[in-house]
Amino acid sequence: MTLRLNRRNFVLGSTTLLAAPFIPKLARASNSIVAAAFPGTWEDAFRSIVAPIAAQSGVDVTIAPALAQDQVGRMMASAGSPPYDALLVSPGQTAMLEEAGLIEEIDPSRLENWDLLIESAKTPFGPHVTVEVNGIAYNPETVPTPSGYLDLFENPAFEGRAAWIGFGSNTATMAWVELAKLLGGGADNMQPVFDLLAEKIDWIGAIANSGNAQQTMYQQGEIDVFMASTGNVARLRSLGLPCNFAHPQSGSPAIPVAIHMTKGASNPDAVYAYMDAAISTAAQSQLAEPPTGYVPTNSEVPFTDLIREFVTPETLANAVYPDWAAINRNRAEWTAEFDRVVAL
Amino acid sequence: MRDLRERLLDASYWLFVLGFGGFALFYMIAPIGIAVLMSFTDGATLRFPPQGYSLRWYRALIDPMQSSQIHIAAWNSLSIAAWTTLGAALVAAPAAYGLSRMRARSATALEPVLLSPLVLPSLVYALAALLVISNLGLSPAYGFVVAGHIVVFAPLMYRTSLAVAQQIDPSLAEASTTLGAGRVRTFARVTMPALVPGVLAGGFLVFMQSMDNVSVTLFLADPRTTVLPLRMFAMIEESLDARVGAISGLLIAATILTLIIVQRLVPFVRRR
Amino acid sequence: MLRQGGTAFILPMMVMMVLCFLAPLGVLAVASITGPDGQVSLANYRQFLDDSFAVGVLWNTIFLGLKVVAAVTLLGVPIALMYWHAGPRWRTLILIATLLPMLTSNVVRTFAWIVILGRNGPISQSMVELGLSPRPFSLLFTETGLIMALTQIELPLLVLPIIAVLATADRRLVDAAEMLGAARWRCFLTVLLPMMTPAIFAGWVLVFASATTSFVTHSVIGGARLIYMPQFVYREVGILFQWPMAAAISFLLLVSTGAVMIALTLLARHRRLAACA
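Everything numeric here is computed off the predicted structure, so don't read it as measured data. Numbering of residues starts from 1 in each chain and follows the order in which that chain's sequence is written. To label them, take the chains in the order written and letter them from A, then take the ligands in the order written and number them from 1. Side-chain atom pairs in this predicted model are given and counted only at pLDDT of 80 or more, local residue features only at pLDDT of at least 70, and totals for whole chains, interfaces and linings cover all residues. The basis for every side-chain value is the complete set of heavy atoms in the structure, and neither hydrogens nor water enter the calculation.

A.B. asks: It is not clear to me how the overall build of chain B should be interpreted in this structure. Could you clarify?
C.D. replies: Looking only at helices and strands, chain B features eleven helices and zero strands. Secondary structure elements of chain B occur, N-terminal to C-terminal, as α-α-α-α-α-α-α-α-α-α-α. Against the globule reference of 19 Å for 272 residues, chain B gives a C-alpha radius of gyration of 24 Å, more extended than a compact globule. C-alpha atoms of chain B, sized along the principal axes, occupy 80 × 70 × 35 Å. Residue contacts are counted whenever heavy atoms from the two residues lie within 4.5 Å of one another. In chain B, the share of contacts with a sequence separation of at least 24, taken over all contacts with a separation of at least 6, comes to 70%. Accessible surface, chain B: about 12,100 Å² in total, of which carbon and sulfur atoms supply 67%. Each helix is a run of DSSP H or I of at least 4 residues and each strand a run of E of at least 2, with the numbering of both proceeding from the N terminus. Throughout, radius of gyration means the C-alpha value; the globule benchmark is 2.2 Å times the number of residues raised to the power 0.38. The Shrake-Rupley method, run with a 1.4 Å probe sphere, supplies the accessible areas, and residue values consider only the shown protein chains as cover.

Laid out in structure tokens, this is it:
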């Protein structure tokens, strides 16, 4: 028998192929979930490391890229049927999601690897998968090592070389709060920062739109300094670019990253399996290697050379953990004010 | 004296047309040339000018291991564009035909409604559509993306079809109905074949615009569905991933090829 | 009979446009005048219009559109004239050269402009080499750079309608004028320009609509310090979750750009009437 590709067959075949996305439930295994991850390095790492480990317990995880704040936006836009089964966010977003009743408390007894977690990584709404340590990324070939946030506004070597971003980003927000503290303000008083910005706006190299955009600008040689996590620096190095990480004298802001289960998640068992995979020794050992270099929350996983170059257990102990409740109270106002101050 | 003045004036005219026009043409094309040039870089980053040339990013792009996510996004974009083109042809071609057979006055009254999506920002429309969808208790989905694209891009198809429909001789259809064919039959057998050039040209435009759309997809797609332009933006933003250059190169090559074929089949601009 | 038959053919698209396009916009309008307690209120609009910064953003957006329209006209008309004077082979080439940027992915164009406008890009490099600038400079995140990029992206929207008119225009009109010894400029001003005018106006509307709303180009090339209405809308939805405010801002964008476009269209009508008379 020969397969005849007549017109009817062709039309039928291609229609079936094209129509597949319209019937998603049929096209997917029933044991599948959608998990959000930050776009870029995070997304790649979760797809190539965490998802295959979850697959070993028969769970099919689709990693959907979205920034923390975008995940909250999408969750709020369709509260009835959540677009994700699992989220990947930081404490600022956790507080908002908790308040809006969009995430579930978890039952730790359903996670095999729960007891391997360090104490601070165990939260009622899910495990922390890593702690990001933030600081200042700089190009050692063009600028000196910055001593802290204020240095960037005072040392002429940095004039026109540093990029900053607005309060939509967690990394930037933490840097601004630290800067506010140095200037006599704090998480409830951002005015000194806005005053400084208004005065020194032409001193700043560029105001970018997103944290990721800064990495592009760094590559193009547009800027030499930006507020970054150790992960950003590891990533730029893996592309063969010279890039160092500086700890600000005032302390390095640290921010945990947690997985949450959304309220109304289609398949809680699968979400538990995914969480378990993300905190497993196998996954975290791999995530601690280049190019990601994520600080493990699993106590069995040692710090790799890459991590130790930036972070020691002491750095973590002395890290600054910002007051996210205060930040959330003010974030909308700061966002609007920031636009006004930097607008041309 | 006067002769010289006129000649100088004429020369300034040619300077304006050829000098300015030549510059403008160059200005329009150069960025595309640069994008193609960058795609052959052998460096890890997209710095200009490239230090050396190679096909490594094209190879990386084709490699299913490294670039499976890009392949999925490309497939999503292609299938959305295909459905959009089909949908747009189904509503817009008959509408163009219908309008060309109406009194001029009613046509001018109706036409703005049909063309309005062309001038209204698609971002605003996407927001409005998302509002309706969530008010209905539904969540963003693939089907909504296609529907949104059809609404926004059908007017393009309508315009190219109308240009053709206006040239169809009404007596053809009349003859067909006189011979006893029903209206639907007449449309299918007589009018539709005549409309084909307009639908093809429109289909090309709709397909390309749909492939390129960000705002409607951004608001209406479920998180699982990533499309090529969004994926490319993420790649550019995060690391100026050099594979973006290779995708650009392929897209440009495909566009030129299709453009030449379509131009052969149905000239966008009819010569007298 | 056939004339009435037209209605049935239009019906599907008409219904689609009303239900799927105009109705959602209506819902958006209602959302924009809904206060927090569900009452009808103009508070969102008042908040926006009382805020001199926000109103400034609105004006900047409109000015940006007008600047792009001006730049596009300056470059687009010569291209059209080149097309007019060219032979068939060149005409096809010019046409393809015009269609190509329009059909090239927005991402590709934006990506190319990041490279072109950057500190290490061709513009900065050649300026330094020619001695016109003491050191490399970046046009990224400047209004000049944004206008340059938008101009390239929107040029085809103006050139194509003009070319469409010229392609079907009667050559003899111009030939006659030339034979009468009219100088080139006069020929252009008295014969060609009036012929092109309706198409130019149509192009302006498209260029303006596109330049004021291309969110992606604004944010990637313009950066965070140049704020236009689309970014405002996106921020209200994506970061602040203020839907009614976003709806109100969208509507203001719609109404203000709509007003400019209607003004342009009226101008076109007026010119055409004048030409007929």
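A.B. asks: What exactly am I supposed to notice about the overall build of chain C here?
C.D. replies: Within chain C, the regular secondary structure consists of twelve helices and zero strands. Going residue by residue from the N terminus, the α and β elements of chain C occur as α-α-α-α-α-α-α-α-α-α-α-α. By its C-alpha atoms, chain C is 75 × 75 × 30 Å across when sized along the principal axes. Out of the 277 residues belonging to chain C, those deemed buried represent 59%. Exposure categories follow from relative accessible area, calculated using a 1.4 Å probe and restricted to protein chains: below 20% of the type maximum is buried, above 50% is exposed, and the middle band is partly exposed.

A.B. asks: Even after reading the chapter, I still don't get the nonpolar core, so can you show me in this structure?
C.D. replies: When a protein is soluble and globular, its nonpolar side chains tend to lie buried together. Nonpolar core, defined: a set of buried Ala, Val, Leu, Ile, Met, Phe, Trp, Tyr and Cys residues in which side-chain atoms within 4.5 Å join the residues together. Formed by 243 residues in total, the largest nonpolar core has its most connected members in Trp164 and Trp176 of chain A together with Leu192 of chain C. Among the elements that take part in this core, helix H3 (residues 52–85) of chain C stands out by supplying 17 residues, more than any other. Composition of this core by domain shows at least three residues from each of domain 1 (32–131 + 255–318) and domain 2 (133–253 + 323–343) of chain A. In contact with Leu192 of chain C, not counting residues within four places along its chain, are Tyr13 of chain B together with Leu81, Trp84, Leu166, Val174 and Cys187 of chain C. Counting residues in hydrophobic clusters, the runner-up holds 53 residues, among them Ala66, Ile106, Phe125 and Val271 of chain A. Boundary definitions for the domains trace back to an automatic or database domain assignment.

A.B. asks: I tried to follow the packing of aromatic side chains on my own but got confused; where do I start?
C.D. replies: Remark: the centre distance and the inter-plane angle together describe each pair of aromatic rings, the angle taken between the planes. Residue and element names in this part refer to chain A. Here is the rule: rings of Phe, Tyr and Trp (six-membered ring for Trp) pair when centre to centre is within 6.5 Å. Planes less than 30 degrees apart are stacked, more than 60 are edge-to-face, and the remainder are tilted. This structure, assessed with the given rule, holds 27 aromatic pairs over all chains. Consider the rings of Trp42 and Tyr294, whose centres lie 4.1 Å apart with planes at 20 degrees: the pair is stacked. With Trp42 in helix H3 (residues 41–56) and Tyr294 in the loop between helix H12 (281–287) and helix H13 (305–310), this pair connects stretches of sequence that are 252 residues apart. Each member of the pair, Trp42 together with Tyr294, is buried. On the basis of an interplanar angle of 55 degrees and a centroid distance of 5.8 Å, the ring pair of Trp176 and Phe338 is categorised as tilted. In this pair, Trp176 is assigned in helix H7 (residues 170–182) and Phe338 in helix H15 (residues 324–342), connecting sequence segments 162 residues apart. Given the relative accessible area of 0%, Trp176 is considered buried.

A.B. asks: Which parts of the structure should I look at to understand the packing of H3 of chain C against helix H9 (residues 184–213) of chain C?
C.D. replies: Packed helices, taken two at a time, are described by the angle their axes make and the gap between the axes. Residues and elements named next belong to chain C. Only the stretch in contact is used when fitting a helix axis, every axis being a line fitted to C-alpha atoms; angles between N-to-C directions are given from 0 to 180 degrees. Look at H3 against H9: their axes get within 8 Å of each other, and the N-to-C directions meet at 140 degrees. Between H3 and H9, the angle falls in the class oblique. At the point where H3 passes H9, the crossing takes the right-handed sense. Partitioned by chemical class, the residues of the contact of H3 with H9 number 19 nonpolar, five polar and one charged. Roughly parallel covers angles under 35 degrees, roughly antiparallel covers those over 145, roughly perpendicular covers 65 to 115, and oblique covers all other angles. The handedness criterion is simple: a crossing whose near helix is rotated anticlockwise from the far helix by less than a right angle is left-handed, and one whose near helix is rotated clockwise is right-handed. For this scheme, ten residues count as nonpolar: Ala, Val, Leu, Ile, Met, Phe, Trp, Tyr, Cys and Pro. Four count as charged, namely Asp, Glu, Lys and Arg, and the remainder, Gly too, count as polar.

A.B. asks: For this particular structure, what's the right way to read the confidence of the model for chain C?
C.D. replies: Fine structural detail should not be taken from predicted coordinates in areas where pLDDT scores are low. Residues and elements named next belong to chain C. Each residue carries a pLDDT value, the predictor's own confidence for that position, ranging from 0 to 100. Counting all residues, the mean pLDDT for chain C is 83, and 91% of those residues have values of 70 or more. The element-level mean pLDDT for chain C is lowest in helix H8 (residues 171–179), coming to 70, with H3 highest at 93. The low-confidence segment residues 273–277 (pLDDT under 50) makes zero contacts with residues lying over four places distant or belonging to another chain.

A.B. asks: Got a minute to help me understand the interface of chain A and chain C in this structure?
C.D. replies: It is common to give the size of an interface as the accessible area that goes away when the parts come together. Taken residue by residue, the interface counts 27 residues in chain A and 23 residues in chain C. Each of two parts loses accessible area, computed with a 1.4 Å probe, when they are put together; buried area is these two losses added. Summed over both partners, the interface of chain A with chain C buries about 2,200 Å², with 57% contributed by carbon and sulfur atoms. Together, Glu222, Arg340 and Leu344 of chain A form the three largest contributors to the area buried by chain A at its contact with chain C, with a combined 26%. Whenever Lys or Arg places a side-chain nitrogen within 4 Å of a carboxyl oxygen from Asp or Glu, that contact is recorded as a salt bridge. The tally of links between chain A and chain C comes to one salt bridge. Counting of polar contacts relies on pairs of N or O atoms within 3.5 Å, with two restrictions inside protein: one atom must be capable of donating a hydrogen and the other of accepting it, and residues adjacent in sequence are counted only when both atoms are side-chain atoms. Across the contact surface, chain A and chain C share five residue pairs in polar contact (both at pLDDT 80 or more). Breaking the side of chain A that touches chain C down by element, the ones donating at least two residues are helix H4 (68–77), strand S8 (206–207) and H15 of chain A.

A.B. asks: Looking at this model, I keep getting lost on the UniProt feature "transmembrane region" (unreviewed entry) in chain C. Mind explaining?
C.D. replies: Residue and element names in this part refer to chain C. UniProt positions are given in the numbering used here, feature names are shortened, and annotations may be inferred rather than shown by experiment. The UniProt record annotates "transmembrane region" (unreviewed entry) at residues 56–81, 93–117, 137–166, 187–209 and 245–268. Within residues 56–81, the helical portion is 100% and the strand portion 0%, while the C-alpha atoms at the span's ends are 38 Å from each other. The distance from the first to the last C-alpha atom of residues 137–166 is 41 Å, and the span holds 80% helix and 0% strand.

A.B. asks: Teacher, can you tell me more about the side chain of Ser116 of chain B here?
C.D. replies: Residues and elements named next belong to chain B. Within the secondary structure layout, Ser116 lies in helix H4 (residues 104–119). Judged by relative accessible area, Ser116 falls into the buried class, the value being 13%. A polar contact is formed between the side chain of Ser116 and the backbone oxygen of Val113, at a distance of 2.9 Å.

A.B. asks: Mind showing me how you'd approach the pattern of salt bridges here?
C.D. replies: Where charged atoms of side chains with opposite charge meet at close range, the side chains can pair. All names here are of chain A. By the definition in use, this model includes twelve salt bridges over all chains. The salt bridge involving Glu309 is made with Arg237; its shortest N-O contact spans 2.9 Å. Of this pair, Glu309 sits in helix H13 while Arg237 sits in helix H10 (residues 230–238), placing them 72 residues apart in sequence. Here Asp305 and Arg308 are joined by a salt bridge, their closest N and O atoms 2.7 Å apart. Of this pair, Asp305 and Arg308 both sit in helix H13, three residues apart, which is roughly one turn of that helix.

A.B. asks: Would you mind going over the pairing of strand S2 (residues 60–65) of chain A with me for this structure?
C.D. replies: Within a regular strand, side chains alternate between the sheet's two faces. Residues and elements named next belong to chain A. Two strands qualify as a pair provided that DSSP identifies no fewer than 2 bridges between them. Two elements, strand S1 (residues 32–37) and S2, share six bridges in a ladder whose sense is parallel. By the bridge assignment, Ile33 is partnered in S2 with Val61. If the strands point away from the viewer and the path from the first strand over the helix to the second runs clockwise, then the crossover is right-handed. In this region the chain leaves S1, passes through H3 and returns to the parallel neighbour S2; the handedness of that crossover is right-handed.

A.B. asks: Even after reading the chapter, I still don't get the interface of chain B and chain C, so can you show me in this structure?
C.D. replies: Contacts between chain B and chain C engage 92 residues on the former and 91 residues on the latter. Counting the surface lost from both chain B and chain C, the interface buries some 8,400 Å², and carbon and sulfur atoms represent 82% of this. Applying the counting rule to chain B against chain C returns one salt bridge. In this assembly, chain B and chain C are joined by nine residue pairs in polar contact (both at pLDDT 80 or more). Sorting elements by how many residues they give to the side of chain B that touches chain C places helix H1 (residues 2–39) of chain B first, with 23 residues. Residue composition of the side of chain B that touches chain C, by class: 69 nonpolar, eleven polar and twelve charged.

A.B. asks: So what exactly am I meant to see when it comes to unusual backbone geometry here?
C.D. replies: Apart from glycine, the bulk of residues carry a negative phi angle, and the bulk of peptide bonds sit in the trans form. Each neighbour pair has its own omega, and for Pro290 of chain A with Pro291 of chain A the value is 0 degrees, a cis peptide bond. Within the secondary structure, Pro291 of chain A is located in the loop between H12 and H13. Despite not being glycine, Phe141 of chain C has its phi angle at roughly 65 degrees, a positive value. Structurally, the position occupied by Phe141 of chain C is in the loop between helix H6 (122–129) and helix H7 (143–168). In this structure Phe141 of chain C comes out as buried when scored by relative accessible area, which is 17%.

A.B. asks: What's the story with a nonpolar patch on the surface in this structure? I'm lost.
C.D. replies: Residue and element names in this part refer to chain B. Candidate patch residues must exceed 30% relative accessible area and have no salt bridge, after which like charges are joined if within 9 Å and Val, Leu, Ile, Met, Phe, Trp or Tyr side chains if within 5 Å. Taken together, Val196, Leu200, Leu257, Ile261 and Leu265 make up a surface patch of nonpolar side chains, about 480 Å² in accessible area. Elements supplying a minimum of two residues to the nonpolar patch: helix H8 (183–212) and helix H11 (243–265). Take Val196: its relative accessible area is 41%, and that puts it in the partly exposed class.

A.B. asks: Hey, could you run me through the UniProt feature "transmembrane region" (unreviewed entry) in chain B in this one?
C.D. replies: Residues and elements named next belong to chain B. Under the UniProt annotation, the feature "transmembrane region" (unreviewed entry) is placed at residues 12–40, 80–100, 112–133, 139–158, 190–208 and 242–262. Annotated as residues 80–100, this span is 100% helix and 0% strand, and its ends, taken at the C-alpha atoms, are 29 Å apart. Taken end to end, residues 190–208 is 100% helix and 0% strand, and its two terminal C-alpha atoms sit 29 Å from one another.

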